[in-house]
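Residue-level structure breakdown
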Amino acid sequence: MRTPVIAGNWKMNTTVTEAVALVKAMRAELSKVSNVEKVLCPPFVSLAPVKELIKDSSIKLGAQDLYFTEKGAYTGEISPVMVADLCELVIIGHSERRQYFNETSKVVNKKVAAALEVGLKPILCVGEKLAENEAGKTEEVVSKQLKSSLADISNLDGLIIAYEPVWAIGTGRAATGEQTNETIAFIRRNISGLYDDKVAQEIRILYGGSVTAANAAGFMVQPEIDGALVGGASLKAAEFLNIVIQTSAMG
Ligand code: PEP
């Protein structure tokens, strides 16, 4: 049995004050929900205050990125050790980083390796663009991303995959549950090919892309989908909580 994960990616939203208020608005109810791993991924500057607020709860903390070098003259970057000091998880290779910061799968690969080395659980994002989807290239794109992002990584150690079709992120145009279930089944077969069937059966694979309280159940009911990476809807306490509760009810 794979425990589902609902992770909230707050992206570049919330000041520290707003982040604290958001956590306070959901923390009590969220920590009561069992059978679901609940993860909050606020901006870097809010990691420490959020960690303090959730310290005695079942809520986990994740960062939205890291740099792959341990320390040194990399102004503005945050190292794996720094992230691991505060977080259990880290999002890596989000399509917004690939799109706006030219992050390649080679860089993503270094980040995944660096995260695993310090004991962080990466949430590795993969997904095709609209044109690739329309050209029927989803499987080709996703398998290439997986192969290069996981190159030379022999032990996945709790790594989570988030399948996020780029055309569904922040657009209000979510994929369908059935469509996503098929792609995630493909990703699982791919992981089986790269590793083995045991690893493939154990790895959690999430869907991300315009998940809301209104459409969440359609994804969670699918056998291959192990939860969601939620962007916009994670900034609303009641809606995020609702998604988590619905996921728990499916278990
Ligand atoms: C995301 O940021 O990973 C995401 C899926 O965003 P949204 O839910 O807003 O589409």
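Everything below is about the structure printed above this text.
Since the model is a prediction, treat every value here as computed from it, not as a measurement.

What counts, and where the lines are drawn
- Residues numbered from 1 in each chain as written.
- Predicted model: local features only at pLDDT ≥ 70, side-chain atom pairs only at ≥ 80, totals over all residues.
- Heavy atoms only, no water.
- Near = heavy atom within 4 Å.
- Polar contact = N/O pair within 3.5 Å; in protein donor to acceptor, adjacent residues only side chain to side chain.
- Areas by Shrake-Rupley, 256 points an atom, 1.4 Å probe, with all protein chains shown as cover.
- Helix = DSSP H or I, 4+ residues; strand = E, 2+ residues; numbered from the N terminus.
- Expected span 1.5 Å × (residues − 1).
- Buried < 20%, exposed > 50% of the residue type's maximum accessible area, 1.4 Å probe, protein only.
- Contact = heavy atoms within 4.5 Å.
- Pairing = 2+ DSSP bridges.
- Core = buried A, V, L, I, M, F, W, Y, C linked by side-chain atoms within 4.5 Å.
- Lys, Arg positive; Asp, Glu negative; His and termini not counted.
- Salt bridge = Lys/Arg side-chain N within 4 Å of Asp/Glu carboxyl O.

With that settled, the discussion passes to the site of the ligand. Around the ligand, 14 residues are found, and the nearest of them are K11, E164, G170, S210 and G231. One of the side-chain N or O atoms of H94 is found 2.9 Å from an oxygen atom in the ligand. Residue E164 places a side-chain N or O atom 2.6 Å away from an oxygen atom belonging to the ligand. The fraction of the free accessible surface of the ligand (290 Å²) that becomes covered by protein chains is 95%.

Further remarks concern helix α8 (residues 177-194). Along its 18 residues, α8 runs 25 Å from first to last C-alpha, staying within 8% of the 26 Å computed at 1.5 Å per residue. Every buried residue of α8 is accounted for by G177, T180, N181, T183, I184, A185, F186, I187, R188, N190 and I191. For α8, the elements touching its buried residues are β5 (121-126), α7 (138-149), β6 (160-163), α9 (197-202), β7 (204-208) and α10 (216-220).

Among the six residues in β5, five count as buried, and that is most of the element. When strand β4 (residues 89-92) meets β5, the two strands line up parallel, connected through four bridges. Opposite V90, over in β5, you have P122 as the bridge partner. One ladder, built from four bridges, connects β5 with β6; its direction is parallel. Pairing of L124 across the sheet is with I161, part of β6.

As a further point, take the environment of N133. Tracing the backbone shows N133 in helix α6 (residues 130-134). Counting along the chain gives 34 residues from N133 to W167, while the straight-line C-alpha distance between them is 8.6 Å. Those residues within four positions of N133 in sequence are excluded, and the remaining contacts are E128, T138 and W167. A polar contact is formed between the side chain of N133 and the side chain of E128, at a distance of 2.8 Å.

Glancing now at the nonpolar core. Counting residues in each nonpolar core, the largest one holds 64 residues, and the members touching the most others are I6, V112, L150, I161, I187, I191 and Y207. Top element by residues in this core is helix α1 (residues 16-32). It accounts for six residues. In this view, I6 contacts V36, E37, K38, V39, M220, G227, A228, V230, F240, I243, V244 and T247; residues no more than four positions away in its chain are not counted.

This paragraph deals with the side chain of E128. Position of E128 among the secondary structure elements: in the loop between β5 and α6. Buried charged residue E128 carries no salt bridge. Nearest counter-charge: R173, at 8.8 Å. Reaching out from E128, the side chain makes a polar contact with the side chain of W167 at a distance of 2.9 Å. Setting aside its immediate chain neighbours within four residues, E128 contacts N133, T138, V141, V142, Y163, E164, P165, V166 and W167.

Below, the discussion takes up the environment of G227. Looking at where G227 falls in the secondary structure, it is placed in strand β8 (residues 227-230). Judged by its relative accessible area of 0%, G227 is buried. C-alpha separation for the pair G227 and F101, spaced 126 residues apart in sequence, amounts to 27 Å. When sequence neighbours within four positions are dropped, the list of residues in contact with G227 reads V5, I6, I205, L206, Y207 and M220.

Following the sequence through the fold, S210 ends up in the loop between β7 and α10. Judged by its relative accessible area of 18%, S210 is buried. In terms of polar contacts, S210 uses its side chain to reach the backbone carbonyl oxygen of A168, at 2.6 Å. From its side chain, S210 meets the backbone nitrogen of T171 in a polar contact 3.4 Å long. Ignoring sequence-local partners within four residues, the contact set of S210 consists of A168, I169, G170, T171, G172, R173, A174 and N215.

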